[in-house]
Amino acid sequence: MSGVWVFNQNGVIRLVENPQAETSSGHGSRRKALVHLPTGQVMSSYSCLEQILTGLGWERYYGGDPDLFQFHKRSSIDLISLPRDFSRFNSVYMYDIVIKNPNIFHVRDM
């Protein structure tokens, strides 16, 4: 059982199992985008993302899984692992990048 607990207008609490389905916009789940905050640029490809990550001190890591596109920083133990196919790049990977690069990236609804 998972979901979100919501208070009705009469003060009764109920479990909403799919909160996206009950949004006022009616769009259901929205697409997420990774945004580079200093420039406002939306990451639309790995080449854009790689250019920014390289500028932040990340280096390509080639020693891992060949199905992953990976970056590491010499100054830390962090490793960013992304699916090789950009169409599979979703919010889980985006938030991983945000956590490892505070105040540089943000995930937004599109």
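Residues numbered from 1 in each chain as written. Predicted model: local features only at pLDDT ≥ 70, side-chain atom pairs only at ≥ 80, totals over all residues. Heavy atoms only, no water.

Visitor: Before we move on, can you summarise a nonpolar patch on the surface with the specific residues and values?
Guide: A grouping of Trp5, Phe7 and Ile13 is seen on the molecular surface, where their side chains present a nonpolar patch of about 380 Å² in accessible area. The exposure class of Trp5 is exposed, given its relative accessible area of 53%. (Patch = residues over 30% accessible without salt bridge, like charges linked within 9 Å, V, L, I, M, F, W, Y side chains within 5 Å. Areas by Shrake-Rupley, 256 points an atom, 1.4 Å probe, with all protein chains shown as cover. Salt bridge = Lys/Arg side-chain N within 4 Å of Asp/Glu carboxyl O. Buried < 20%, exposed > 50% of the residue type's maximum accessible area, 1.4 Å probe, protein only.)

Visitor: Help me get a handle on the environment of Thr39, residues and values and all.
Guide: Mapping Thr39 onto the fold places it in the loop between strand E3 (32-36) and strand E4 (41-42). The spatial distance from the C-alpha of Thr39 to the C-alpha of Ile104 is 9.5 Å, given a sequence separation of 65 residues. (Helix = DSSP H or I, 4+ residues; strand = E, 2+ residues; numbered from the N terminus.)

Visitor: Break down the sheet that holds strand E8 (residues 105-109) for me, with residues and values.
Guide: Spatially, three strands are ordered E4-E3-E8 in an open sheet, and the strand pairing comes out antiparallel. Strands with a single pairing partner mark the edges of an open sheet, and in this sheet they are E4 and E8. Strand direction decides the pairing type here: E3 and E8, joined by five bridges, are antiparallel. Looking at the pairing, Lys32 lines up with Asp109 of E8. Relative to the sheet, helix H1 (residues 46-55) contacts E3, E4 and E8, its axis offset from that of E8 by approximately 150°. Relative to the sheet, helix H2 (residues 91-100) contacts E3 and E8, its axis offset from that of E3 by approximately 25°. (Pairing = 2+ DSSP bridges. Contact = heavy atoms within 4.5 Å. Axes fitted to C-alpha atoms, helices over the stretch in contact; angles between N-to-C directions.)

Visitor: I'd like a rundown of H1, residues and numbers included.
Guide: Within H1 the residues assigned to the buried category are Tyr46, Cys48, Leu49, Ile52 and Leu53. The buried residues of H1 occupy an angular sector of 155° when projected down its axis, which confines them to one face. Structural note: H1 exposes Ser47, Gln51 and Gly55 on the side pointing more than 90 degrees away from its buried face. The inward-facing, buried residues of H1 contact E3, E4, strand E6 (68-72), strand E7 (79-83), H2 and E8. Phi for Gly57, located one or two positions after H1, is positive at around 100°. (Arc of directions from axis to C-beta.)

Visitor: Which residues make up the environment of Val6, and what values go with them?
Guide: Structurally, the position occupied by Val6 is in strand E1 (residues 4-7). Separated by ten residues in sequence, Val6 and Val16 place their C-alpha atoms 6.8 Å apart. Not counting residues within four places of it along the chain, the set of residues in contact with Val6 comprises Val12, Ile13, Arg14 and Val16.

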